[in-house]
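Residues per chain are reported as follows:
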Amino acid sequence: EVGERLDFVYDGSTWQVEPDGRIAHACALHRNTAQSSVGPSATKLLLNNVLTNTAGMADTATNNRIDIKRDGKYDIMCSGAISPLSDGERGDLLVYINGTGGTLALFARGYSSLASATIGVGQGKQRTLAAGDYLELYQGTNAAGSTSSSAANEAGMPTLCAREVL
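These lines cover the structure that appears in this document, whether it is placed above or below. Predicted model only: the values in this text are computed from it and were never measured. (Residues numbered from 1 in each chain as written. Predicted model: local features only at pLDDT ≥ 70, side-chain atom pairs only at ≥ 80, totals over all residues. Heavy atoms only, no water.)

## Remarks on the nonpolar core
As a reminder of what qualifies: Within this scheme, the nonpolar core is defined by two criteria: the residues are buried Ala, Val, Leu, Ile, Met, Phe, Trp, Tyr or Cys, and they are joined through side-chain atoms within 4.5 Å. Only protein chains enter the accessibility calculation, which uses a 1.4 Å probe; a residue whose area is less than 20% of its type maximum is buried, one above 50% is exposed, and one in between is partly exposed. The numbering of helices and of strands both runs from the N terminus, where a helix is a DSSP run of H or I of at least 4 residues and a strand a run of E of at least 2. The criterion used for residue contact is that any of the two residues' heavy atoms lie within 4.5 Å.
I66, I76, L93, V95, L135, L137 and L160 are the most contacted members of the largest nonpolar core, which totals 26 residues. Taken together, the elements giving at least two residues each to this core come down to β3 (26-30), β9 (72-85), β10 (90-97), β11 (103-111), β12 (117-129), β13 (134-141) and β15 (159-165). The leading source of residues in this core is β9, at five residues. Leaving out residues up to four positions away in the same chain, I76 has contacts with V95, A105, L106, Q123, G124, K125, R127, L129, L135, L160 and C161.

## Remarks on the pairing of β13
Put simply, the rule reads: Only strands that DSSP links by at least two bridges are regarded as paired with each other.
For β13, the buried fraction is high: eight of the eight residues fall into the buried class. What you see with β13 is no split at all: Y134, E136, Y138 and G140 on one side and L135, L137, Q139 and T141 on the other are buried throughout. Of the pairings in the sheet, the one linking strand β5 (residues 43-44) to β13 comprises two bridges and is antiparallel in character. Residue pairing in the sheet places K44 in a bridge with Y138 of β13. Two strands pair when backbone bridges link them, and strand β8 (residues 65-67) and β13 are joined in this way by two bridges, in the antiparallel orientation. Bridged to I66 within β13 is L135. Two strands pair when backbone bridges link them, and β10 and β13 are joined in this way by seven bridges, in the antiparallel orientation. Bridge pairing in β13 places Y96 opposite E136.

## Side note on the packing of aromatic side chains
For the record, the criterion: The aromatic pairing rule takes the rings of Phe, Tyr and Trp, using the six-membered ring of Trp, and pairs them if the centres are within 6.5 Å, calling planes under 30 degrees apart stacked, those over 60 edge-to-face and the rest tilted. Charge-over-ring placement is defined geometrically: NZ (Lys) or CZ (Arg) within 6 Å of the ring centre, and within 35 degrees of the ring normal.
This structure, assessed with the given rule, holds two aromatic pairs. Taking 5.0 Å as the distance between ring centres and 40 degrees as the angle between the ring planes, the aromatic pair formed by Y10 and W15 counts as tilted. The class for W15 is exposed, based on a relative accessible area of 60%. Ring centres of Y96 and Y138 lie 5.4 Å apart, and the angle between their planes is 90 degrees; this geometry places the pair in the edge-to-face category. Within this pair, whereas Y96 is found in strand β10, its partner Y138 is found in strand β13, the two being separated by 42 residues in sequence. On the accessibility criterion, Y96 (16% relative accessible area) is buried. Sitting above the plane of the Y134 ring, R65 keeps its charged end 3.8 Å from the centroid.

## Some details on the pattern of salt bridges
It is possible for side chains of opposite charge to pair when their charged atoms get near one another. Here is the rule: Salt-bridge detection follows one rule: a side-chain nitrogen of Lys or Arg within 4 Å of a carboxyl oxygen of Asp or Glu.
Summed over all chains, the structure comprises five salt bridges. One salt bridge in this structure joins E164 and R70, with 2.5 Å as the shortest N-O distance. Here E164 is found in strand β15, whereas its partner R70 is found in the loop between β8 and β9, with 94 residues between them in sequence. The class of R70 is buried, set by a relative accessible area of 13%. Linking D92 and R90 is a salt bridge whose minimum nitrogen-to-oxygen distance equals 3.1 Å. For R90, a relative accessible area of 22% corresponds to the partly exposed category.

None of this, on its own, says anything about what the molecule does.
Take a look at the structure:
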């Protein structure tokens, strides 16, 4: 991979391998405009803006997801704001490994206690992932037929991040 190295040091009698100097794979994507979803099913958020992409993990042109390039442990985080929600309604952000038929990697939920509210949700978790896995962010609400939107302002833009733990 670009930016990685393996250093061999000769001390005059033996060769030693120094720490590998790997660069952690990291990617952060967000959506910079609002996107609507109709409850109660979850809608995949079309993440269209790259914040960080150290290893070519970002796929915003075709699949709107993070592609894992190397086996390992990753800190996965998601955040966003969902509105409008009525009293008693909830907003969810879900991160799936390998699509909705795969594994639910992360789940964040918030509830409204107002007649019309914007709620912020976020969550983080460490997961073991394999090269070839991918992460997608979904948004939903429990209100049947209700339309909710991801916030379009900078504080509430839906964001999905993955950072390798070395």
